[in-house]
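# Structural overview for review
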Amino acid sequence: MSDPKDKLPARSSRSEVADFIDKLAVTPVTRAAGERGRLIFAMDATASRGPTWDRAAQIQAEMFTETAALGGLDIQLAFYRGFFEFTATPWLSDADALLKRMTAVSCLAGQTQISRIFQHTIEETERRRVNALVFVGDCMEEDADQLGQLAGQLGLLGVPVFVFHEGFDPVAAHAFRQIAQLSRGAYCRFDAGSAQQLRDLLSAVAVFAAGGRKALEDYSQRKGGVTLQLTHQIGKQ
């Protein structure tokens, strides 16, 4: 468990956001016609995440709004906290139900369990395809090689990991970037000054999982801001 950061950089760098957008634009999505997209939203709920948990809960619920017109998106919330506690909800298609579950969770001191999230995602997609895994966390206290191996398995299964890194822990940053690369996903850092940016990028990932590149392009044109860059990147492919 990492201590809360006393001071964070003002916001994610332009290069990190641009790199995230580049990776998202070229990530393949495999989904049968007429099938709802499925996304696992996994979070570190240890003590250091407490100050931003409620904000993340609201942002996650808003992801449903952006995907409703695309035939919908099923989201499963997974989180770890405390003494080896790991929880995964049923698959949910209702924003209110998801928000209710998230706001009932409180953060507890404990070590990271990112490997359990990856193992759980592998098991889920072996039963029925998962289109993407979003992970939000601030630290990493596990064997980096083991995480890399699991991330590689997710990449082979076609499940990209989109890592949103709160703060600037250098050990976590190095591991999270490798996870994104090995799973064919993307990495982006965020902090207290980038809530709107986080909301837009998370919604873009949700739209992408639900409707693919065309839906992402339409969303980017409508929303503008950092997501508008997605359209430009897709146009280059």
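Procedures and definitions
Residues numbered from 1 in each chain as written. Predicted model: local features only at pLDDT ≥ 70, side-chain atom pairs only at ≥ 80, totals over all residues. Heavy atoms only, no water. Helix = DSSP H or I, 4+ residues; strand = E, 2+ residues; numbered from the N terminus. Contact = heavy atoms within 4.5 Å. Pairing = 2+ DSSP bridges. Core = buried A, V, L, I, M, F, W, Y, C linked by side-chain atoms within 4.5 Å. Buried < 20%, exposed > 50% of the residue type's maximum accessible area, 1.4 Å probe, protein only. Right-handed = clockwise from strand over helix to strand, strands pointing away. Axes fitted to C-alpha atoms, helices over the stretch in contact; angles between N-to-C directions. Parallel < 35°, antiparallel > 145°, perpendicular 65-115°, else oblique. Left-handed = near helix turned anticlockwise from the far one by under 90°. Nonpolar A, V, L, I, M, F, W, Y, C, P; charged D, E, K, R; others polar.

## Quick look at the environment of Arg-101
Of note, Arg-101 is situated in helix α3 (residues 95-103). For the pair formed by Arg-101 and Thr-89, sequence separation is 12 residues and the distance between their alpha carbons is 8.3 Å. Filtering out sequence-adjacent residues up to four positions away, Arg-101 remains in contact with Thr-89, Pro-90 and Leu-92.

## Details of the pairing of strand β3 (residues 85-88)
As defined by bridge partners, strand β2 (residues 73-81) adjoins β3 across 4 bridges and the pair is classed as antiparallel. Counterpart to Ala-78 in the pairing with β3 is Ala-88. Connecting the antiparallel pair β2 and β3 is a turn made up of 3 residues, with Gly-82 showing a positive phi of about 55 degrees.

## Description of the nonpolar core
In this structure, Phe-20, Leu-39, Phe-41, Val-134, Phe-162 and Phe-164 are the most contacted members of the largest nonpolar core, which totals 28 residues. Of all the secondary structure elements, the ones that give two or more residues to this core are β1 (37-44), β2, α3, β4 (132-137), β5 (161-166), β6 (186-190) and α7 (195-223). By residue number, the principal contributor to this core is α7, which donates 7 residues. With 27 residues, the next largest nonpolar core counts Phe-135, Leu-154, Val-161 and Ala-180 among its residues.

## Let's talk about the pairing of β4
Among the 6 residues in β4, 6 count as buried, and that is most of the element. What you see with β4 is no split at all: Ala-132, Val-134 and Val-136 on one side and Leu-133, Phe-135 and Gly-137 on the other are buried throughout. Both β1 and β4 contribute to a ladder of 5 bridges, which runs parallel. Within β4, the residue paired with Met-43 across the bridge is Val-136. Handedness of the β4-helix α5 (residues 144-156)-β5 crossover: right-handed.

## A closer look at the packing of helix α4 (residues 114-127) against α5
One way to put it is that α4 packs onto α5 with a least axis distance of 10 Å and a crossing angle of 20 degrees. The angle between the axes of α4 and α5 places the two elements in the roughly parallel class. Crossing hand, α4 versus α5: left-handed. Side by side, α4 and α5 meet where Ile-114, Ser-115, Phe-118, Gln-119, Thr-121 and Ile-122 of the first sit next to Gln-146, Leu-147, Leu-150, Ala-151, Gln-153 and Leu-154 of the second. Looking at the contact of α4 with α5, its residues break down into 7 nonpolar, 5 polar and no charged.

## Digging into the sheet that holds β4
Pairing is mixed across the open sheet formed by 6 strands, whose spatial order is β3-β2-β1-β4-β5-β6. Each of the sheet's edge strands pairs with one partner strand only, and the pair in question is β3 and β6. The mean angle between the axes of side-by-side strands here comes to 15 degrees, regardless of whether they run parallel or antiparallel. Summarising the sheet, β1 and β2 pair through 8 bridges and their orientation is parallel. The partner of Gly-37 across the bridge, within β2, is Leu-73.

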